[in-house]
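So you can see what is in the structure, the chains are spelled out below.
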Amino acid sequence: MKKYGIVWPLTLALFLLLAACTTGNEGGTAGNAGNAAGKGDNGGKVKIGLSISTQNNPFFVTLKEGAEKAAQAAGAELIVVDAQDDTSKQISGIEDLIQQQVDVILINPTDSDAVVTAVESANNANIPVITVDRAANGGTVVSHIASDNVAGGKMAGEFILEKLGGKGNIVELQGIAGTSAARDRGEGFHSAVDGKDGVKVVASQPADFDRAKGLTVMENILQSNSDVQAVFAHNDEMALGALQAIEAAGKKDIIVVGFDATDDAVSAVNSGTMAATVAQKPELIGQKAIETAMKVAAGEQVESSIPVELELVTKQ
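The written sequence of each chain sets the order in which its residues are numbered from 1. Whole-chain, interface and lining totals are the exception, using all residues; otherwise, since this is a predicted model, local features are given only for residues with pLDDT of at least 70 and side-chain atom pairs are given and counted only at 80 or more. As a rule here, side-chain values cover all heavy atoms of the structure and leave hydrogens and water aside.

Naming follows an unreviewed UniProt entry, where the protein chain appears as Ribose ABC transporter substrate-binding protein RbsB of Paenibacillus phoenicis. Of the protein chain, the UniProt comment under Subcellular location (unreviewed entry) reads exactly: "Cell envelope". UniProt positions are given in the numbering used here, feature names are shortened, and annotations may be inferred rather than shown by experiment. Regarding the protein chain, the UniProt comment filed under Sequence similarities (unreviewed entry) reads as follows: "Belongs to the bacterial solute-binding protein 2 family."

Now the structure itself:
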C-alpha cells in the first residue's frame, strides 16, 4: 500500500506537467500564427511596397529617394521593385509584393491600362493601392498622388506661344503611349496651342520618355521638316535628346521646353540651351506617397487625389 501511495502522486504530477507543456506549445503556435499576418512579422513596422516604372530616368530615381527618406523618417520598411519600363516585369513585381504581405502598395505604372490586372490582384488580397505620378485605368485605388499634368502641359504650351510671338511650327515629343502622364501632358499642351492662328504642330511622335529615342526621333523629324521653331517634350530626357539633335543639325534658335526639372534639364535652362522645363518636384511626390501610405495603413481616410504643385523653370 505504501508503494501505491508514492506512485499515484508522482503520476498525477507528471500528468499536470505534460498538460502545462501542451498548453504552452499551443499558445506559442497561436502567437506565431498571429505574427504571420500584417505587421506582426515585421516587428510592428508598416511594410510598404513601391513598384517604380524605371530607375533609368532621373525623375523616378529622385521620386524613389524621396520615398526612401520619408519611410526611414516614419519608421516604415520600404520594398522597391523596378519594372525597367517592362509591363510584364511590373505585374510580376507587384505579385511578389503581394506574396510578401506588404501593408500598402505604391504603384508608378509603366502602362495605365496594363497595370489594372495587378491592381485588381492587390484588391483581391485586401492590400490598399496608391498610384504615384501616373494613374491606373481600373481597379480600386485609394489615392492618386501626382502633379496636375494637364495644367503642366498647358503651362508649357502657353510659354511656347509667348516665346514664338504667336507664330511658328512646333514639334511634340510624346511619352510612352498608354501612360496617363503622356496623355495628360499632351492634352494640356494641345489645349493651349491648337486652333491658334499662325501656329502649327507639324510633328507629334512618341519617344517613350527616353533620351536616346528623343535624339533619334528629333533627327528624323528635322530631316523631313527643317522649318521648326519650337519643341515640347513630355519629359526632360526626351527634351535633352532633342537638344542634341538640334545642336548637331546646327540649328540654334529652336525653343525647347521639357517637363520634370531634372538636374540636367535645369542646368541646360540656366546655360540657355533649353528654354524652360516644368518642375514636378518628384522628391515631394515620393514623400507624400509614403505619408499617405502610413495613414492608409493606420486605417485613416485619405483624399482620392492629392496634387503636388508645379512651377515653370526658366533662366533667371
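Further notes follow.
With that out of the way, let us pick up the nonpolar core. Side-chain atoms within 4.5 Å are what join buried Ala, Val, Leu, Ile, Met, Phe, Trp, Tyr and Cys residues into a set we call a nonpolar core. Summary of the burial criterion: residues with accessible area below 20% of their type's maximum are buried, those above 50% are exposed, and those between are partly exposed, where the area comes from a 1.4 Å probe applied to protein chains only. In this structure, Val-171, Leu-173, Met-218, Val-231, Val-256 and Met-274 are the most contacted members of the largest nonpolar core, which totals 28 residues. Listed by contribution, the elements that provide at least two residues to this core are strand S6 (168-174), helix H6 (180-193), helix H7 (211-224), strand S8 (230-233), helix H8 (236-248) and helix H9 (263-271). Only DSSP runs of H or I covering at least 4 residues are called helices, and only runs of E covering at least 2 are called strands; the numbering of each starts at the N terminus. With seven residues, the single largest contributor to this core is H8. Setting aside chain neighbours within four positions, we find Val-231 in contact with Ile-160, Val-171, Leu-173, Met-218, Ala-242, Ile-246, Ile-254, Ile-255, Val-256 and Val-257. Only heavy atoms enter the contact rule, under which two residues are in contact if any of them lie within 4.5 Å.

Before going further, it helps to examine the pairing of strand S10 (residues 276-279). Neither face of S10 is left uncovered, since the one carrying Ala-276 and Val-278 and the one carrying Thr-277 and Ala-279 both have all their residues buried. Strand pairing is assigned whenever DSSP detects at least two bridges linking the two strands. Sheet topology note: the strand S9 (residues 255-260)/S10 ladder contains four bridges and is parallel. Counterpart to Gly-258 in the pairing with S10 is Thr-277. If you view a crossover with the strands going away from you and the path from the first strand over the helix to the second runs clockwise, you call it right-handed. Read from S9 through H9 to S10, the crossover connection turns out right-handed. Strand direction decides the pairing type here: S10 and strand S12 (residues 311-314), joined by four bridges, are antiparallel. Each bridged residue has a counterpart across the sheet, and for Ala-279 the counterpart in S12 is Glu-311.

Whenever Lys or Arg places a side-chain nitrogen within 4 Å of a carboxyl oxygen from Asp or Glu, that contact is recorded as a salt bridge. On inspection of all chains with the given rule, the structure shows nine salt bridges. The partner of Lys-69 in a salt bridge is Glu-283, and the shortest N-O contact between them spans 3.3 Å. On the criterion of sequence distance, the pair formed by Lys-69 in helix H2 (residues 58-74) and Glu-283 in helix H10 (residues 282-297) is long-range, its members being 214 residues apart. Salt-bridge contacts for Arg-211 lead to Glu-237; the nearest nitrogen and oxygen are separated by 3.0 Å. Within this pair, whereas Arg-211 is found in helix H7, its partner Glu-237 is found in helix H8, the two being separated by 26 residues in sequence. A relative accessible area of 26% means that Arg-211 is categorised as partly exposed.

A separate point is the sheet that holds strand S5 (residues 143-147). Strand order in this open sheet of six strands is S2-S1-S3-S4-S5-S11, and the pairing throughout is parallel. The sheet is open, and its two borders are formed by strand S2 (77-82) and strand S11 (305-308), each paired with just one other strand. If you compare each strand with its neighbour and ignore which way they point, the axes differ by 20° on average. In this sheet, S11 lies alongside S5 in parallel orientation, the contact comprising four bridges. What sits directly across from Ser-147, in S11, is Val-308. Axis definition: a line fitted to C-alpha atoms, limited for helices to the stretch in contact. Angles are taken between N-to-C directions and run from 0 to 180 degrees.

Taking 1.5 Å per residue as the helical rise, H6 with its 14 residues ought to reach 20 Å, and the 20 Å between its terminal C-alpha atoms agrees with that figure. With respect to burial, H6 is a largely interior element, ten of its 14 residues being buried. Tucked inside the fold, the buried residues of H6 contact helix H5 (149-164), S6, strand S7 (199-206), S8 and S9. The span you would expect from a helix comes to 1.5 Å times its residue count less one.

A word on unusual backbone geometry. A positive phi angle, close to 55°, is found at Gln-84, a residue other than glycine. Structurally, Gln-84 can be placed in the loop between S2 and helix H3 (87-99). Residues other than glycine seldom take positive phi values, yet Asp-208 does so here, at roughly 60°. Tracing the backbone through its elements, the reader meets Asp-208 in the loop between S7 and H7.

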